[in-house]
Each structure stands twice: as C-alpha cells, then as structure tokens.
Amino acid sequence: GGGGGDSNVIDYVAIPTPGNATDFGDLILASSQRAAFSGDNSSKGLFAGGFGAGSNSAAIDVVTISTPGNGTDFGDLLAAARSLAACSNGPRGVIGGGYTSVYQDVIQYVTIASAGNATDFGDLLAVNAYLSSCSSDVRGLFVGGRDQFNNKYNVIQYITIATTGNATDFGDLTAVKVDLAACSNGTRGVIAGGNNGSNDLNVIEYVTIASTGNATDFGDLTAARQHLSACANDTRGVFAGGGYGSISNVIDYITIDTVGNATDFGDLTVARADSTSCSGT
C-alpha cells in the first residue's frame, strides 16, 4: 500500500548494493495487506490476498523477479483475505492466517512452479492476523499477530513446509507484536519492528530456525515503525517503509549473521505502509 491509499506499484532494489528503489511494474489490483513469497529457484515472486477497492481479495499475482514487469494472475487463495503472512522453501509457498470476515487459523499452500489455486495445509495454533513469516528450506515460521479480541501474541510457531499439517509451538518473541516484519537467510530468522499495543517498536530480534527456542535481541531499526515489510538474500536483510499516520519511505538493512543495529539503505519510490516484500537470489 502507499501513503495515500492502496497501491499496485512494485519497487525493487539490488540487495547487495545500497541505493534508492526503482519502479518494477504494477500488480493487477491496487491493494494493501498482502502476503508475499518467492520460489521456483528464486525466479518468481508471488503476492497473495490483500485489501483493495473496498474488499478483501483472493487473488495471487506472480512476477518474474529478474525481469521488471507487471504482475499476472497465478490463481486464488481458499478465500478472500488480508493481513496474512507467507513463506517458502523454494518449490512450495505457504500462506497462514489473515482476516476474511473473521480471523483465520488456516494455513494453505501453492506449488510455485505451477499456476493454480491454493490447497489446504493445516491450521495455526490459533486464529491470527497481522502476523509475519520467514523460513528455511525445511521450516516455515509464523510470528506475532493478534486475534479477534485484539489479544496480541508473542508466539512463534512452525511448520515443516514439505509435509502438510498443523503448526507447532517454536518459542516466544521478546514481546507481543503485531504488524511486524520478518526475513531469513535460510539459517537465521530475523524479526523487526511492529507495535506492542501502545508503541511502535524499533527492536530487531532473531531465532535459529532449525532449533526451537525464544528469540534473542539483535539490534534496532533506524526508527521505530509498524506495517513495514522485509526480504533478504543469503547475507542481508532489508526492511522497507512502514508507519501509521506518518508513513515512511526509508529502507534499512542488516547483515543477518552479525548482530547490530540497522543501517540506512536508501528510499522507496514513495512512502508506503502495509506493503509486502519478497526476493530472488
């Protein structure tokens, strides 16, 4: 989404090279609160669900990450939903939670190489929206979020992406958080920003995806913000945009294997919040 409302604009950056974002193309529908993931040997980026034109969307768009251009239709989610989270092991993309007309505990998946509709995977530990997700080649993590009673979660839960089934408890975040962002280099999952119900957060924390346990402090973003997005390569994690009321165009980055504070990377083409990110190699 953009600072002035829903947007269909796609920006891109080259993660190894700090600098401002460049226009990539447009998604089919202007919307916010989508979930994004990449796969099929990191060649494709998919954008699922969201809220646009006054209603939730079930649409999944796909782009070829190496070639700027517009999104095309991939298929549909099980139901129109927004505020979901998604991750991938490469061949399979998994989408969890979200809000339809009620909060959802549904986990669903697609095979990224083959366009088509999502299939049921299992259930989260509880209904959950405004959460985030990251993954390794084996596990997907779903972190934070809130339920229909506005109870906010510090829960981290995980799935084995290649085998369908319900989520399992992984550990806890350092605090309850909603509207946060997460990314991974395949080994370490990094979670940043969000809101604890009273304040926007600048905290970055991390977990080792292969071993269950609680999150550990990593450092701080350059500014506290919620509704931000994140993506990563094998070295760097990038956190973009965010805010509530005052919307940011800032892109921060970290070196995932080295704890410490984020550094300024550049700027988005416009300030935006409730957007989402994915990355190729």
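Residues numbered from 1 in each chain as written. Predicted model: local features only at pLDDT ≥ 70, side-chain atom pairs only at ≥ 80, totals over all residues. Heavy atoms only, no water.

What exactly am I supposed to notice about the pattern of salt bridges here?
Side chains that differ in sign of charge can pair as their charged atoms come close. A complete count under the given rule lists four salt bridges for this structure. With its nearest N and O atoms 3.3 Å apart, the salt bridge here joins Arg225 to Asp252. Pair noted here: Arg225 is in the loop between β19 (216-220) and β20 (229-232) and Asp252 is in strand β24 (residues 250-255), with a separation of 27 residues, a long-range link. The two residues Arg225 and Asp252 agree in class, both being buried. (Salt bridge = Lys/Arg side-chain N within 4 Å of Asp/Glu carboxyl O. Helix = DSSP H or I, 4+ residues; strand = E, 2+ residues; numbered from the N terminus. Buried < 20%, exposed > 50% of the residue type's maximum accessible area, 1.4 Å probe, protein only.)

I tried to follow the sheet that holds strand β10 (residues 106-111) on my own but got confused; where do I start?
Sheet strands line up and pair through hydrogen bonds in the backbone, either parallel or antiparallel. The strand order across the open sheet formed by four strands is β8-β9-β10-β11, and the pairing between neighbours is antiparallel. The open sheet has two edge strands with one neighbour each: β8 (85-88) and β11 (119-123). Neighbour to neighbour, the strand axes of the sheet diverge by 25° on average, direction disregarded. Pairing between strand β9 (residues 92-96) and β10: five bridges, direction antiparallel. Residue pairing across strands places Val94 opposite Tyr109, the latter belonging to β10. (Pairing = 2+ DSSP bridges. Axes fitted to C-alpha atoms, helices over the stretch in contact; angles between N-to-C directions.)

Would you explain the sheet that holds strand β16 (residues 181-184) in this entry?
Ordered by their spatial adjacency, four strands build an open sheet running β16-β17-β18-β19, and the pairing between neighbours is antiparallel. With partners counted over all chains shown, the strands left at the sheet margins are β16 and β19, one partner each. In this sheet, adjacent strand axes meet at a mean angle of 25° when their direction is disregarded. Where strand β17 (residues 188-192) meets strand β18 (residues 203-208), five bridges bridge the pair, whose relative direction is antiparallel. Bridging from a neighbouring strand, Arg188 pairs with Thr208 of β18.

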